[in-house]
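# Geometric and topological summary
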Amino acid sequence: MTRPTSTSPAFPPPPGARAYPLRTARGDFAVVDSPVAAGVEQRGVALLLPGFTGSKEDFHQLHEPLAARGYRTVAVDGRGQNESDGPADDESPYAREELARDVLAQAAALDTPLHLVGHSLGGQIGRAAVLLDPSPFVSFTLVASGPAEISESQKQRVKLLHDALAVMTMAQVWEAILAMGPPEEVGGPARGFGDPERLRLRWLNHKPAQLLATGRELCTEPNRVAELAAVPLPFHVLSGSRDDTWPVPLLDEMAVQLRAHRTVVPGAEHSPNQDRPLPTAHALADFWDRHTTS
């Protein structure tokens, strides 16, 4: 991986945060790193992993309220996402275990105990990382991220994207996405953190191989909840009150199997971090407060 251009003015960090390339043993990854608020004692550090077609900017509205609660937050673009580099055509570096090892490398580079948070696809990548090595982590929160493969309706969305990428450029696919209207669930890159031009640029920055490989993984992910439940970490399952990617009752059941703390954010859907960031941030901080690192 080459050095990501995470200081691009197209993706400015939120107030008080810093965007930079996090150097790791597996390459550089673009991050937004938000320290705790002035005068607030640090209670912990969190690593935030975005979902399919998403990026570190999807967590922008969480940084400030979490900083006020004493938590430094580091949101990362995974390999091939937005400002983190990766091959455009070779799918092998985007295999689930490879992306999990990237997360472990990011944790090692931050060199501090971490609360791990994964949204949607990021939750499944985070799960794979925890199953490889839970030692860097203090807790693990799955945000709108289910036990196995995505719903049939969302598989159809991913298949449409896969078929389009086979015959169209990224720019052409973007125009087709806009013509369909911005969907809320996976495969919804036209919905997100910024204005239409930033969303378009983020889409064009994504590597097609990353989208193809991770989309296929979302459609075939096995159920590894029993394996995860055997890991001695505190778990948190957080979701909106409605989710078409993994239905809420399925997330409820997963939380029971994990003996996890469960949060349902009223009025939020598949992206509570964007739909209702303040109650989402408070729910994260309340959970972390019970498992502090300081």
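These notes cover the structure that comes with them. Within any chain, residue numbers begin from 1 and follow the written order of that chain's sequence. Reporting in this predicted model follows two pLDDT cut-offs: at least 70 for local features of residues, and 80 or more for side-chain atom pairs to be given and counted; totals over whole chains, interfaces and linings ignore these cut-offs and use all residues. Values shown for side chains rest on all heavy atoms present in the structure; no hydrogens or waters enter the calculation.

Helix numbering and strand numbering both begin at the N terminus, where a helix is a DSSP run of H or I of at least 4 residues and a strand a DSSP run of E of at least 2. Across its full length, the protein carries 11 helices and 8 strands. Relative accessibility thresholds used throughout: buried, under 20% of the residue-type maximum; exposed, over 50%; partly exposed, between the two (1.4 Å probe, protein chains only). A buried classification covers 58% of the 294 residues belonging to the protein. In the protein, 76% of the contacts between residues at least 6 apart in sequence involve partners at least 24 apart. Total accessible area on the protein stands at roughly 11300 Å², and carbon and sulfur atoms take up 54% of it. Residues counted as positive are Lys and Arg, residues counted as negative are Asp and Glu, and His and the chain ends are not counted. Where a charge lies is defined by one atom per residue type, namely NZ (Lys), CZ (Arg), CG (Asp) and CD (Glu). Taking the average location of the 27 positive side-chain charges in the protein and that of its 36 negative ones, the two points are 2 Å from each other. Working rule for contacts: check all heavy atoms of both residues, and any pair within 4.5 Å makes them a contact. For accessible areas, the Shrake-Rupley method is used with a probe of radius 1.4 Å. Any residue's cover is judged against the shown protein chains and nothing else.

By the convention used here, strands pair only if DSSP detects at least 2 bridges between them. On the basis of which strands lie adjacent, the open sheet formed by 8 strands has the order β1-β2-β4-β3-β5-β6-β7-β8 and mixed pairing. The strands lining the two open edges of the sheet, one partner per strand, are β1 (18-24) and β8 (261-265). The average angle at which neighbouring strand axes cross in this sheet is 25°, direction not considered. In this sheet, strand β4 (residues 71-76) lies alongside strand β3 (residues 44-49) in parallel orientation, the contact comprising 5 bridges. The residue bridging G44 from the neighbouring strand is Y71, located in β4. Against the sheet, helix α3 (residues 121-132) touches β3, β5 (114-119) and β6 (137-143), its axis set at about 140° to β5. The angle between two axes is taken between their N-to-C directions and runs from 0 to 180 degrees, where each axis is a line fitted to C-alpha atoms and a helix contributes only its stretch in contact. Sheet strands in contact with helix α11 (residues 277-289) are β3, β4, β5, β6, β7 (235-240) and β8, and its direction is about 170° off that of β7.

A few words on the pattern of salt bridges. Salt-bridge detection follows one rule: a side-chain nitrogen of Lys or Arg within 4 Å of a carboxyl oxygen of Asp or Glu. Considering all chains together, one arrives at 25 salt bridges under this definition. Put simply, D77 and K56 hold a salt bridge, and the shortest N to O gap is 2.6 Å. You can see D77 sitting in the loop between β4 and α2 (96-110) and its partner K56 sitting in the loop between β3 and α1 (60-68), a full 21 residues away along the chain. Each member of the pair, D77 as well as K56, is classed as buried.

Tracing the chain through its elements places H270 in the loop between β8 and α10 (272-275). A relative accessible area of 2% means that H270 is categorised as buried.

Its identity is not glycine, yet T53 carries a phi of approximately 65°, on the positive side. As for its position among the elements, T53 is in the loop between β3 and α1.

Proteins that are soluble and globular tend to have nonpolar side chains buried together. Among the nonpolar cores identified, the biggest contains 57 residues, and L47, F137 and L258 are the most heavily contacted of them. Residues in contact with L258, not counting those within four places in the same chain, are L142, V225, L228, A229, F235 and V237. In terms of nonpolar packing, the next biggest core, distinct from the first, is built from 19 residues, A281, L284, F287 and W288 among them. By nonpolar core we mean a set of buried residues, namely Ala, Val, Leu, Ile, Met, Phe, Trp, Tyr and Cys, connected to one another through side-chain atoms within 4.5 Å.

Now for the packing of aromatic side chains. Within a pair of aromatic rings, the relevant descriptors are the distance that separates the centres and the angle that separates the planes. Note on aromatic contacts: the rings of Phe and Tyr and the six-membered ring of Trp form a pair at centre separations within 6.5 Å, being stacked when their planes are under 30 degrees apart, edge-to-face when over 60 apart, and tilted otherwise. What the rule picks out here adds up to 3 aromatic pairs. A ring pair is formed by W174 and W203, whose centres lie 6.4 Å apart and whose planes are at 35°; its orientation type is tilted. Placement of the pair is W174 in helix α5 (residues 170-180) and W203 in helix α6 (residues 196-205), with a sequence separation of 29 residues. Overall, W174 belongs to the buried group, its relative accessible area being 3%.

Before going further, it helps to spend a moment on the packing of helix α4 (residues 152-167) against helix α7 (residues 208-220). Where α4 meets α7, the axes come as close as 10 Å, and the angle between the chain directions of the two elements is 150°. Considering their axes alone, α4 and α7 lie roughly antiparallel with respect to each other. Judged by the twist between their axes, the crossing of α4 over α7 is left-handed. Together, K155, V158, H162 and L165 of α4 and P208, L211, L212, G215, R216 and C219 of α7 make up the contact between the two elements. Any angle between 65 and 115 degrees counts as roughly perpendicular, while under 35 counts as roughly parallel, over 145 as roughly antiparallel, and the rest as oblique. Should the near helix be turned anticlockwise from the far one by less than a right angle, the crossing is left-handed, and should it be turned clockwise, the crossing is right-handed.

Mapped onto the fold, E221 is located in the loop between α7 and α8 (225-229). Overall, E221 belongs to the buried group, its relative accessible area being 7%. A polar side-chain atom of E221 sits 3.0 Å from a polar atom in the side chain of R96. A 3.5 Å cut-off defines polar contacts: any pair of N or O atoms within that distance qualifies, except that in protein one atom must be a possible hydrogen donor and the other a possible acceptor, and neighbouring residues in sequence count only when both atoms are side-chain atoms. Within the structure, the side chain of E221 is placed 2.9 Å from the side chain of R127, a separation counted as a polar contact. Beyond its immediate stretch of four places on either side in the chain, E221 contacts R96, Q124, R127, A148 and E149.

Turning our eyes to something else, we now look at the pairing of β1. Regular strands have side chains that alternate between both faces of the sheet. For β1, a buried count of 5 out of 7 residues is recorded, marking the element as mostly surrounded by other parts of the structure. Pairing of β1 with strand β2 (residues 27-34) involves 7 bridges; the strand directions are antiparallel. Bridge pairing in β2 places L22 opposite F29.

For the rest of this paragraph, the subject is the environment of G86. Along the polypeptide, G86 turns up in the loop between β4 and α2. In the structure, G86 is positioned 57 residues away from F29 in sequence and 10.0 Å away in space, judged by C-alpha atoms. If we skip the residues at most four places from it in the chain, G86 touches R79, G80, Y94 and K207.

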